[in-house]
Every structure is written in structure tokens, then in C-alpha cells.
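Read off the chains here:
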Amino acid sequence: AEVSQAPWGEVPGQGVVHLWLLQSPQLQVEILTLGATIKSVFSRGRDGRSADVVLGYDHLQGYLSDRRYLGATVGRVANRIAKGLFVVDGVQYKLDTNNGPNAIHGGLQGFSKALWRAEAVDAGVQLSLTSPDGDQGYPGELHVSLTYTLKEGTLTAEYRAQADKTTPINLTNHAYFNLAGQGAPDIYDHQVSISAQWYLPVDDTSIPTGDIRPVEGTLFDLRKPVLLGPRLKELPGPGFDHNFCLCASKDVWKERRAARVVHPASGRVLEVWTSQPGLQFYTANYLDGSVVGKGGVPYGKHSSFCLETQNWPDAVNQPTFPNCLLQAGEQYHHVTRLSFTTAP
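This structure is a prediction, so every number in the text was calculated from the model and none was measured.

### With respect to the UniProt feature "active site" (unreviewed entry) in the protein chain
Under the local residue numbering, the UniProt record ascribes the feature "active site" (unreviewed entry) to His174 and Glu308. Despite a sequence span of 135 residues, these residues sit close together in the fold, their greatest C-alpha distance being 6.1 Å. Here the residues from the annotation list that line the largest pocket are His174 and Glu308. Examined against the element boundaries, histidine 174 turns out to sit in the loop between strand S16 (172-173) and strand S17 (191-194). Not counting residues up to four positions away in its chain, the partners in contact with histidine 174 are Arg68, Tyr69, Leu70, Gly71, Ala72, Val74, His105, Tyr282, Cys306 and Glu308. With respect to the helices, strands and loops of the structure, glutamate 308 is situated in strand S27 (residues 306-310). Glutamate 308 sits in the buried class, given a relative accessible area of 2%. Excluding residues within four positions of it along the chain, glutamate 308 makes contact with His105, Thr172, Asn173, His174, Gly278, Leu279, Gln280 and Tyr282.

So, in C-alpha cells, the structure goes:
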């Protein structure tokens, strides 16, 4: 892949935001150093034409004021922590509650609002960040790196981190996709399959209840391709915003195919592979047209989907869930691959 970069604006008091461009014959990817954000992915359809399949903004100000995490890398802990509270080594920590009664996606000024350092690597860019002890309420100084590389039609994200105190960690990217092209009104004509035998039911604040339920015989059974429009009509509530369990809670995590999404009209296909134990499938239930994105398009409900590869939500408070505590000196590491192809 060809790699280039250019300044893309400035954050007052923080510095210059750069846009990195990764290009292969099959794919063009734009990455911002603000929030280690996936700004755009241009993917070819069956007709040979490229379309940008990631929601976002045309200008830096959109990302600075964004509250929906469009394309952003979120942390220190992605997803929700119940009541913004957790205990590590006998000490209780209190986070900002920025999602109803709960904490979400690392806090009011989490990694999605940070300006990451960047350097070129072979076929990609490595972004890095130091999160100080006490940042957003979390314990320990944390050093994070995220390397994006592009090979043919596959974008790989490799996350690493190390801390000097025990801290919860759960990193993911929060790109919103529409394989018809960003700006298309909905995802009802997309077919989705998710390789999970279990899912996590949630309470009325979207915190997992602690149950781990089989998908068999439920509307959450997405093991075979399901057309999203009819399924979303059947599903109680506003849509999918649930963790699908890619492995049992005590299994060894290994890289596996998590999901496949097909847009039959264009022929675009997205496959997601990850070494993480969970996948949060979210159907943009809370976009309501008030967010105006690229090209002046208002983004509405069900205009896109997120496939957030991650640990299970609220794992720091749920002892039967996979461990999310990074011990001092240990290495946090996971890999997620997004593979874009075209169906015949």
C-alpha cells in the first residue's frame, strides 16, 4: 500500500491534526490523528465504482464536537461500565457518567478526543498515546499504540498497551458503516451474519444483566445471513445494541471470523476478523438526523451499523465475564481485520 499524510487542521492548545492516506488498488483509507479515527474507507462495488462506506464529517470541527464517536478509537474502556464505578485492588474508582447512569467509551475526554502521535510504518501508520494516571478517573499511566496497515482489500488494526498499575482496558474502533455508501438512508437492505452462539441480554440502561444466553431460537440468532430490515422490525426496542459472545468467557482468545455483512445491490462485502471475545453489534439506533455528516447529509436512525470488536461490556464488574484487567507490566494486545471484497 502507498502511505502519505498531510495536515488537516489544528486543535487549539493541542496541535496539528494530520490525515494519513493508505491506498491499495482495492481500497483507500483515511485515518485522522485526532481520536485515531477512521475517517473514510473507499471500497469498490460490483460496477467498479468506489464509494465511501464510513460515516463522518467533512471538516475537523465535526469531529471536535462529535458525541457519537463516528469512526473514533474509544478507550480506556469501550462500551459501558455500570454506574461509572469499579473496584481494583480494594480501591473504588468513580468515572464520569456520560451515558445515562453509566460511563461509556472512556469518558467525556477519552481516547476519541485525544491527539495521537503518528509515524509511518510499512504499508501503514502507527499511532501512539500516553494516558496519565487518573486520566478520566482510571488508575495507572497507560501507553497505547494502534497500528493500521493496508494489504490489498484488508485493513488491519493492531492494538497494544502497557500500564504501571492494574487498570481495566478495552479498546475498539467505533466506525459506522453503510455498504451502499455513507449518506444512504438506511441499512435495511444489508444482510448480516455474526459467528456467535451466545449474546448478552441487557437491562433498561443497556448494562448486561449477567446472563449469557444462547442465540438459538431467538431474534439474536444471526449465525446465518439475515436481512436487517425485517429483523429490526421484529426486534423489541430501537434496534441492536448488544454484545455477541464470540467465545465462552474462559476460552483462550484467538483470531476468528466474527461477522460478515453483504450489500446485495452493490455487491460490497465486509468481513470482520478479531482476536477479541466479543462483538458489539449496533444499528445506529440513537442517530436521529441531528448529526449532519459528509456532504451535508443528516444521519438518521438505522442509517449505518457498527461492529465493535471488544471485551464484553461491564466486564470489570462481572466476575463471570472475560478478564479486562491489565496488570502492571503486562502487555495488552489484540488484532482486528476488516476485509472488503465484492460478491459476484
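### Considerations on the nonpolar core
The biggest cluster of nonpolar side chains holds 59 residues, and the ones touching the most others in it are Tyr148 and Phe281. Listed in part, the 18 residues of the second largest apolar core include Val17, Leu55, Leu115 and Tyr176.

### Concerning the UniProt feature "binding site: beta-D-galactose" (unreviewed entry) in the protein chain
Feature annotation in UniProt places "binding site: beta-D-galactose" (unreviewed entry) on Asn79, Arg80, His174, Ala175, Tyr176 and Asp241, given in this structure's numbering. Checking the annotated residues one by one, the ones that line the largest cavity turn out to be Ala175. Note that alanine 175 resides in the loop between S16 and S17. Beyond its immediate stretch of four places on either side in the chain, alanine 175 contacts Val54, Gly71, Phe305 and Cys306. Among the structural elements, tyrosine 176 can be located in the loop between S16 and S17.

### Side note on the layout of surface pockets
Put simply, the largest pocket is a space of about 400 Å³. Around the largest pocket sit 23 residues that line it, and Arg67, Arg68, Tyr69, Asn99 and Ile104 are the ones nearest its centre. Every residue lining the second largest pocket is counted, 14 residues in all, and those nearest its centre are Trp253, Asn323, Leu325, Tyr332 and His333. Residue assignment for the lining of the second largest pocket shows that the elements contributing at least two residues are strand S28 (325-326) and strand S29 (332-342). Per-element tally for the lining of the second largest pocket: the top contributor is S29, with 3 residues. Split into classes, the residues belonging to the lining of the second largest pocket amount to 6 nonpolar, 7 polar and 1 charged.

### Some points on empty space enclosed by the protein
Sizing a probe to match a water molecule and rolling it over the atoms shows the empty space that remains. Within this structure, the stated rule accounts for 5 cavities of 30 Å³ or more. Every residue lining the largest cavity is counted, 15 residues in all, and those nearest its centre are Ile38, Asn173, Leu307, Thr336 and Leu338. Of all the elements, strand S14 (residues 154-163) adds the most residues to the lining of the largest cavity, at 4 residues. A class-by-class count of the residues in the lining of the largest cavity yields 10 nonpolar, 5 polar and no charged. Taken as a whole, the second largest cavity encloses approximately 60 Å³ of empty space.

Calculation rules
- Residues numbered from 1 in each chain as written.
- Predicted model: local features only at pLDDT ≥ 70, side-chain atom pairs only at ≥ 80, totals over all residues.
- Heavy atoms only, no water.
- UniProt positions renumbered as here; feature names shortened; annotations may be inferred.
- 1 Å grid on protein atoms, 1.4 Å probe; cavity = no way out; pocket = protein on both sides within 12 Å on 5 of 7 lines; lining within 4 Å.
- Helix = DSSP H or I, 4+ residues; strand = E, 2+ residues; numbered from the N terminus.
- Contact = heavy atoms within 4.5 Å.
- Buried < 20%, exposed > 50% of the residue type's maximum accessible area, 1.4 Å probe, protein only.
- Core = buried A, V, L, I, M, F, W, Y, C linked by side-chain atoms within 4.5 Å.
- Points joined across faces, edges and corners; volume = space filled by probe spheres on them.
- Nonpolar A, V, L, I, M, F, W, Y, C, P; charged D, E, K, R; others polar.

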